[in-house]
Amino acid sequence: MTIYANGAAFDERKSRLLALGTDVSAGKAIVDLHGNVLAYPRSGGMINPERYELEPNSKLFRFGGGAADPQAIAKGSWWIEHREFATLLRFGATHGISVGLAMRLLCLVPPEWSDATILVRARVTRSLLAWRGVSNSVVIPPGAGHKIVNMPHQNDIAARRLHQLFIPGLSEIKSHDPAISIENVYRLDSKESAQGFLYL
């Protein structure tokens, strides 16, 4: 029987909600007159995420913000596999854009969520469970100095369909026995990662 390093975190009800792009913070909940939670706001995330097993030695890639330490970035939940990263590279080469901008367009990550200035390449060292699915549309209302963000998914176009992974619980795994090992860290240009990014 396989023991998964993040099995307990994966089994929590909120892990799939987070993979769906649901903001489960208490302050964001939509409640009735009695304070009962009716719903949580949702934007981005995946469409119909499915359980997915990651075996040791699997290659993973994750983009992060320049202010964060690579080790902290590697504890985040959103990743793509090697074959999906190759799709990003091909898409970027075809359209003459940077890998950071290709990630924004295919993974649907607006600049408000990350400046995408660090790319971490990592290897799975212990078996993990993830949610896997294609990107869902992102809509962010205006506020906090930005305009409306509206990024509809384009999964009906094969060249733009990209599966992502949501791996819950990485931040809870002890550093002396990590489930993911960083192999390399690449610095990206934040301007190239947002060049030509359009708002409505």
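Please refer to the structure higher up on the page.
So, how was this worked out
- Residues numbered from 1 in each chain as written.
- Predicted model: local features only at pLDDT ≥ 70, side-chain atom pairs only at ≥ 80, totals over all residues.
- Heavy atoms only, no water.
- Helix = DSSP H or I, 4+ residues; strand = E, 2+ residues; numbered from the N terminus.
- Buried < 20%, exposed > 50% of the residue type's maximum accessible area, 1.4 Å probe, protein only.
- Contact = heavy atoms within 4.5 Å.
- Salt bridge = Lys/Arg side-chain N within 4 Å of Asp/Glu carboxyl O.
- Pairing = 2+ DSSP bridges.
- Axes fitted to C-alpha atoms, helices over the stretch in contact; angles between N-to-C directions.
- Core = buried A, V, L, I, M, F, W, Y, C linked by side-chain atoms within 4.5 Å.
- Phe/Tyr/Trp six-rings, centres within 6.5 Å; stacked < 30°, edge-to-face > 60°.

*Asks:* Could you give an account of the environment of N136, naming the residues involved and the relevant values?
*Replies:* Inspection of the secondary structure assignment puts N136 in the loop between β7 (128–135) and β8 (138–140). Looking at N136, the relative accessible area reads 18%, which means it is buried. Once the C-alpha coordinates of N136 and N155 are considered, the two residues, 19 residues apart in sequence, prove to be 8.6 Å apart. Leaving out residues up to four positions away in the same chain, N136 has contacts with R42, G44, G45, M46, I47, L108 and H153.

*Asks:* Help me get a handle on the side chain of E84, residues and values and all.
*Replies:* Residue placement: E84 occurs in helix α4 (residues 82–95). Taking relative accessible area as the criterion, E84 reaches 8% and is therefore assigned buried. Not counting residues within four places of it along the chain, the set of residues in contact with E84 comprises R132, L162 and H163.

*Asks:* Give a description of the pattern of salt bridges that names residues and reports values.
*Replies:* Charged atoms that come close allow side chains of opposite charge to pair. This structure, assessed with the given rule, holds nine salt bridges. A salt bridge links R126 to D177, with the nearest nitrogen and oxygen atoms 3.4 Å apart. One end of the pair, R126, is in the loop between β6 (118–124) and β7; the other, D177, is in the loop between β10 (163–166) and β11 (180–187), and 51 residues separate them in sequence. We classify D177 as partly exposed; its relative accessible area is 36%.

*Asks:* Lay out the pairing of β7 in plain terms, naming residues and giving numbers.
*Replies:* Each regular strand carries side chains that alternate between the two faces of the sheet. Burial within β7 is extensive, with eight of its eight residues counted as buried. Relative to β7, strand β3 (residues 46–54) runs antiparallel, the two sharing seven bridges. In the strand pairing of β7, M46 is matched with S135. Alignment of β7 against β10, held across four bridges, turns out to be antiparallel. Within β10, the residue paired with V134 across the bridge is H163.

*Asks:* So what about the sheet that holds β7? Which residues, and what values?
*Replies:* With antiparallel pairing, the seven strands of this open sheet are ordered in space as β3-β7-β10-β5-β4-β6-β11. Looking at strand neighbours, the two that pair on one side only are β3 and β11, the edges of this open sheet. With direction set aside, neighbouring strand axes in the sheet form an average angle of 35°. By the bridge criterion, two bridges tie strand β5 (residues 78–81) to β10 in an arrangement that is antiparallel. Counterpart to W78 in the pairing with β10 is F166. Of the strands in this sheet, β3, β4 (59–64), β5, β6, β7 and β10 touch α4, which is tilted by about 85° from β5. Packed onto the sheet, helix α5 (residues 99–107) meets β4, β5, β7 and β10 and runs at close to 95° relative to β4.

*Asks:* Kindly report on the nonpolar core, identifying the contributing residues and their values.
*Replies:* In terms of nonpolar packing, the biggest core is built from 17 residues, with L54, L60, W79, L128, I167 and L170 touching the most fellow members. Among the secondary structure elements, those contributing two or more residues to this core are β6 and β7. A per-element tally of this core places β6 first, with four residues. For L54, the residues in contact, after removing those within four places along its chain, are L60, E81, V124, R126, S127, L128, A130, L165 and I167. Of all hydrophobic cores here, the second largest spans 15 residues; its members include F61, L88, V109 and L119.

*Asks:* Can you break down the packing of aromatic side chains residue by residue, with the values?
*Replies:* On inspection of all chains with the given rule, the structure shows three aromatic pairs. Consider the rings of F10 and W131, whose centres lie 4.4 Å apart with planes at 20°: the pair is stacked. Residue F10 is found in helix α1 (residues 7–11), and its partner W131 is found in strand β7; the two are separated by 121 residues along the sequence. Considered together, F10 and W131 belong to a single accessibility category, that of buried residues. Judged by centre distance (4.1 Å) and plane angle (5°), the rings of F61 and F85 are stacked.

Any link to function would need more than the numbers given here.
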